[in-house]
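Residues per chain, in single letters:
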Amino acid sequence: MYSINYVIATYSGISKQREKHDKDTPVILQKHMEVLSNNLKDNKYIKQVTIVQPLVKEKSYEKYYDIDKYVSQIEQLGITVVLLKPNIEFRSSYSQYIYVYTKFPDFCFYIVMEDDWIPFTKNFDEKLLENYKDYNYKGFHCAWVSR
């Protein structure tokens, strides 16, 4: 049986640039977790959701990590939720992904997500895995959706 760790890189620092394009920036992680908790109901392979909360020295959104309700909903589905709070000021999401991999190296696959990229369909874990197998990839694949 496959096991997937769904990893969310986050940044709670106030970003006026990001706010220009997304009015929900102060609560984007909450929105992500809400959609994720609904979409995981039909999940087959995701065994853990790992959220990285890096050290942020700048001003931060006050309620950015108010996600307890969604963590509880996901855990009720039998999925482990880990909130990592390393005392590290990561400079990129990729650094967070590598950090998580070093902490949890035993999963078959990893879905790495940004806090403001939200899965929008049920069974996305199974669909990604089928797509991965269909193309016989040796590594990873990603998608960038734009116009």
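Calculation criteria
Residues numbered from 1 in each chain as written. Predicted model: local features only at pLDDT ≥ 70, side-chain atom pairs only at ≥ 80, totals over all residues. Heavy atoms only, no water. Helix = DSSP H or I, 4+ residues; strand = E, 2+ residues; numbered from the N terminus. Rg over C-alpha atoms; globule rule 2.2 N^0.38 Å. Buried < 20%, exposed > 50% of the residue type's maximum accessible area, 1.4 Å probe, protein only. Contact = heavy atoms within 4.5 Å. Areas by Shrake-Rupley, 256 points an atom, 1.4 Å probe, with all protein chains shown as cover. Lys, Arg positive; Asp, Glu negative; His and termini not counted. Charge placed at Lys NZ, Arg CZ, Asp CG, Glu CD. Polar contact = N/O pair within 3.5 Å; in protein donor to acceptor, adjacent residues only side chain to side chain.

Student: Describe the overall build of the protein chain, with residues and values.
Tutor: Across its full length, the protein chain holds five helices and four strands. Of the regular secondary structure in the protein chain, the N- to C-terminal order runs β-α-α-β-α-β-α-β-α. The C-alpha atoms of the protein chain give 15 Å as radius of gyration, which agrees with the globular expectation for 147 residues (15 Å, within 12%). Seen through its C-alpha atoms, the protein chain measures out along the principal axes to roughly 45 × 35 × 30 Å. Classification of the 147 residues of the protein chain by burial places 42% in the buried group. A sequence separation of at least 24 residues applies to 81% of the contacts in the protein chain between residues at least 6 apart. As displayed, the protein chain has an accessible area near 9400 Å², and 52% of this comes from carbon and sulfur atoms. For the protein chain, the centre of its 20 positive side-chain charges and the centre of its 19 negative side-chain charges are spaced 2 Å apart.

Student: Requested: an account of the environment of Tyr-11, with residues and values cited.
Tutor: Relative to the elements of secondary structure, Tyr-11 occurs in the loop between strand S1 (4–9) and helix H1 (16–21). Through-space distance from the C-alpha of Tyr-11 to that of Tyr-61 is 9.5 Å; in sequence the pair is 50 residues apart. Beyond its immediate chain neighbours, meaning those up to four positions away, Tyr-11 contacts Arg-18, Val-56, Glu-58, Tyr-64, Tyr-65 and Asp-115. Looking at Tyr-11, its side chain comes within polar contact range of the side chain of Glu-58, at 2.8 Å.

Just distances and angles here, no functional claims.
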